[in-house]
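Fold and geometry: a report
These are the residues of each chain, in order.
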Amino acid sequence: MAPIGRQALREAVDSARLRILIAASNSAQSTDEMIQIVLDQIESVTGSEISFYHFVEADQKTLSLQTWSSNTLKNMCTAEGKGRHYPIAEAGVWVDCVKKRRPVIHNSYASLPHRKGLPEGHAPVIRELVVPIIRSDKIMALIGVGNKPDEYDQADIETVSFLGELSWEMVERLRLHEELRQSEFRYRSLFENMLDGLAHCRMIYEDGIPTDFVYLTVNNSFVTLTGLKNAAGKKASELIPGIRKSNPELLEIYGRVAITGNPERFETHVKALARWFNVSVFSPSREHFVAIFDDITDRKRAEDQLVKKEQRSRNIATALQDALLPDVPTRDDVEIGLSYRGASTAARLGGDFYDFIELSEGRLAVVIGDVCGKGLGAAKSTAMVKYTLRAYIKDCRDPGACLTRLNRTLADQIDMEKFVTIGLAVLDTSAGSVRYASAGHPPPIFINNDAETMELEQGVPLGVIADYEYVTVNKTVAAEEKFALYTDGLIDARPKDGEPFGRKLLMPEINSGRDLGAHELCQRLVDSAVSYSGNAVKDDIAVIVIKIKKGLHGSIDRA
């Protein structure tokens, strides 16, 4: 191609520029199509036969081949490479423009000593011009032309640079448009297919008070979950009449979020729809909010049924427990004190228990025990133990033998995870004696001039070893003496991360209160343990104190 004059060149460049602008105005134009038009125009103005357009990645070390000109693809080059990424360091001599950060001309490609050769199918290269497109000190793209009949010169550099700069403005705009289009597609796909309901709304205020809101857009799940159709553009008060009165908290929360911009999450029962929703709400802009919600009606109904079932079980267990905790009997020969403190309502249902059984010859059986477990199941186990023991003790004068018989009966009936400890004392004031046996229960404490713990074998809990033989210990007592029975909740009470109350603190409390009445001493011991724990006892506490009004002084001996 013969050189053209500068006027003709300017006209050719202006003509190419106009064609590029016209092509860019086509909103349906893809980035590749736009770039190919640019390359075709650059080839035409420079008289070249081949051209390419490469993007340079953000790392400034990687190339991606975007496309070639129409003529290159049709007549000159069959090499694969579209969209391929590879390091600049592996590219040929044409990337000299990257190293030098300016346009480069190779008018004698074959004579270049550092050329690397061409891949199979690549158009032959006689001479080339490569121009970098630079933005903010970073190379964004490389435009190359080649095989002009005569040598490339400064005029070609200016032409390619001018049209290349113009092209990059178009490319950036097209790439942004495509990114927005893809983003919109992803958003719409998510918006329309998400299982949660979504509503974008504008709040309505009167004198700064939220009074209503307008649905701007809703997704398909909104309609499915609420049953509200054609919501867009309508006020909430139109779609859900009476919502201001039935659900004022909705307006309050949405209004607050739309003004403050602070997101919130809550559960609400929309009475007009008879549905429960779990709602997350945020504000994309002032006086606007987006509510994302799912229907939790089935879950709330199940929770309500569970609460009702648990309440029925508590009512049954409470009634059963009341039957298991009898009134304290009144007798002329003894003063009986009792104090019971449940760890909680739930703990009360089946934890500690006690009983008083009037026997022949004026004797009194005192039972104190603890069932492992809470609730209705533990209460049932307690009832079985209590009433079986009542049946056996009428015919049995020896507490150890009575517990042995009871244990054999219960061994095959009690869940091993719900073992039972029990202390059984038989008081005979006419003989001045207390006969006691233990199935894994803390020993009693006798109080005279000084408190002392009864020495005995504690034994194993009921139902653990079927053929276990329990031992009875006999102690004679005198008038004005006391003895205390208690559950392990008393000595196990502890503050958070602290030591248990234990006998170390229990014995001084008993000694300092030994002149108190039976009931007052019970209450003192329970209050001391509860106070020590910081009013956070984890187990039931039951304490029984019996003061002898008539009896004989004696010593401990084995039955």
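Here, every reference points to the structure presented above.
Keep in mind the model is a prediction, meaning the values are calculated, not measured. (Residues numbered from 1 in each chain as written. Predicted model: local features only at pLDDT ≥ 70, side-chain atom pairs only at ≥ 80, totals over all residues. Heavy atoms only, no water.)

Considerations on helix H16 (residues 518-532)
An α-helix turns once per 3.6 residues; consequently, residues spaced three or four apart project the same way. The terminal C-alpha atoms of H16, which comprises 15 residues, lie 21 Å apart, in line with the 21 Å expected from a rise of 1.5 Å per residue. Those residues of H16 lying buried are Ala-518, Leu-521, Cys-522, Leu-525, Val-526, Ser-528, Ala-529 and Val-530. Here the buried face of H16 lies against strand E12 (334-341), strand E17 (445-447), strand E20 (482-486), helix H14 (488-492), helix H15 (502-512) and strand E21 (541-548). Two residues or fewer past H16, Gly-534 is found with a positive phi of approximately 75°. (Helix = DSSP H or I, 4+ residues; strand = E, 2+ residues; numbered from the N terminus. Expected span 1.5 Å × (residues − 1). Buried < 20%, exposed > 50% of the residue type's maximum accessible area, 1.4 Å probe, protein only. Contact = heavy atoms within 4.5 Å.)

Observations regarding the pairing of strand E5 (residues 128-135)
Within E5, 6 of the 8 residues are buried, which leaves the element mostly enclosed by the surrounding structure. The sheet contact formed by strand E4 (residues 104-106) and E5 spans 3 bridges and is antiparallel. Residue pairing for E5: Val-104 is matched across the bridge by Val-130. Two strands pair when backbone bridges link them, and E5 and strand E6 (residues 138-146) are joined in this way by 8 bridges, in the antiparallel orientation. Bridging from a neighbouring strand, Val-131 pairs with Ile-143 of E6. (Pairing = 2+ DSSP bridges.)

Points about the sheet that holds E20
Within the open sheet, the 5 strands sit side by side as E12-E21-E20-E17-E18. Their pairing is antiparallel. A strand with exactly one partner marks an edge of an open sheet, and here the two such strands are E12 and strand E18 (451-453). Across the sheet, the axes of successive neighbouring strands diverge by a mean angle of 20°, strand direction being ignored. Here E12 runs beside E21; their pairing, made up of 8 bridges, is antiparallel. When the bridges of E21 are listed, Val-334 appears paired with Ile-548. Relative to E18, H15 is tilted by about 140°, and along the sheet it contacts E17, E18 and E20. Against the sheet, H16 contacts E12, E17, E20 and E21, and its axis sits at roughly 25° relative to E12. (Axes fitted to C-alpha atoms, helices over the stretch in contact; angles between N-to-C directions.)

Observations concerning the packing of aromatic side chains
In the structure shown here, the tally under the stated rule is 16 aromatic pairs. A centroid spacing of 5.1 Å and a plane angle of 65° characterise the contact between Phe-52 and Trp-94, whose relative ring orientation is edge-to-face. In this pair, Phe-52 sits in strand E1 (residues 50-56) while Trp-94 sits in the loop between strand E3 (85-87) and helix H4 (96-100), placing the two residues 42 residues apart along the sequence. When its relative accessible area of 15% is taken as the criterion, Phe-52 is described as buried. A residue is classified by how much of its surface remains accessible, and Trp-94, at 13% relative accessible area, is buried. Ring-pair connections join several aromatic residues into one group, and the members of that group are Phe-213, Tyr-215, Phe-222, Tyr-254, Phe-266, Phe-277, Phe-289 and Phe-293. We note Lys-300 situated over the ring of Trp-276; from NZ or CZ to the ring centre the distance is 4.5 Å. (Phe/Tyr/Trp six-rings, centres within 6.5 Å; stacked < 30°, edge-to-face > 60°. Lys NZ or Arg CZ within 6 Å of the ring centre and 35° of its normal.)

Examining the sheet that holds strand E11 (residues 288-295)
The sheet built from 5 strands is open, its strands ordered E8-E7-E11-E10-E9 with antiparallel pairing. Each edge of the open sheet is held by one strand with a lone partner, namely strand E8 (209-218) and strand E9 (264-270). Strand-to-strand twist in this sheet, taken as the mean axis angle between neighbours without regard to direction, amounts to 35°. Sitting on the sheet, helix H9 (residues 248-260) touches strand E7 (197-206), E8, E9, strand E10 (275-282) and E11, and the angle it makes with E9 is about 155°.

Some details on the pattern of salt bridges
Taken as a whole and assessed by the stated rule, the structure comprises 21 salt bridges. Among the salt bridges present, the one from Glu-303 reaches Arg-299, with a minimum N-O distance of 3.1 Å. One end of the pair is Glu-303 and the other is Arg-299, both in helix H10 (residues 297-324) and 4 residues apart, which spans about a single turn. Residue Glu-303 is classed as partly exposed on the basis of its relative accessible area, which comes to 34%. With a closest N to O distance of 3.0 Å, Arg-435 and Asp-398 form a salt bridge. With Arg-435 in strand E16 (residues 433-439) and Asp-398 in the loop between helix H12 (375-393) and helix H13 (399-410), this pair connects stretches of sequence that are 37 residues apart. The class for Arg-435 is partly exposed, based on a relative accessible area of 24%. For Asp-398, a relative accessible area of 23% gives the class partly exposed. (Salt bridge = Lys/Arg side-chain N within 4 Å of Asp/Glu carboxyl O.)

Concerning the pairing of E6
Burial analysis of E6 places 7 of its 9 residues in the buried class, which makes it a mostly covered element. When E1 meets E6, the two strands line up antiparallel, connected through 6 bridges. Its bridge partner lying in E6, Tyr-53 is registered against Ile-143. Connecting the antiparallel pair E5 and E6 is a turn made up of 2 residues, with Ser-136 showing a positive phi of about 50°.

Looking at the environment of Pro-443
With respect to the secondary-structure elements, Pro-443 resides in the loop between E16 and E17. On the accessibility criterion, Pro-443 (6% relative accessible area) is buried. Sequence-wise, Pro-443 and Ala-484 are 41 residues apart; in three dimensions their C-alpha atoms are separated by 9.0 Å.

Notes on the packing of H15 against H16
At a minimum axis distance of 10 Å, the contact between H15 and H16 shows a crossing angle of 145°. For H15 against H16, the interelement crossing comes out right-handed. Residues Leu-505, Leu-506, Glu-509, Ile-510 and Ser-512 of H15 form the contact with H16, whose participating residues are Leu-521, Arg-524, Leu-525, Ser-528 and Tyr-532. (Left-handed = near helix turned anticlockwise from the far one by under 90°.)

Looking at the packing of helix H1 (residues 6-24) against helix H2 (residues 31-46)
Remark: H1 packs on H2, axes separated minimally by 10 Å, with the N-to-C direction vectors making an angle of 170°. By the angle between their directions, the pair H1 and H2 is classed as roughly antiparallel. Taken together, the residues of H2 that come into contact with H1 (itself represented by Leu-9, Ala-12, Val-13, Ala-16, Arg-19, Ile-20, Ala-23 and Ala-24) are Met-34, Ile-37, Val-38, Gln-41 and Val-45. Residues that form the contact of H1 with H2 fall into these classes: 11 nonpolar, 1 polar and 1 charged. (Parallel < 35°, antiparallel > 145°, perpendicular 65-115°, else oblique. Nonpolar A, V, L, I, M, F, W, Y, C, P; charged D, E, K, R; others polar.)

Looking at the environment of Ser-25
You can see Ser-25 is positioned in the loop between H1 and H2. Here Ser-25 falls in the exposed class, since its relative accessible area comes to 59%. With 145 residues separating them in the primary sequence, Ser-25 and Met-170 have C-alpha atoms 9.5 Å apart.

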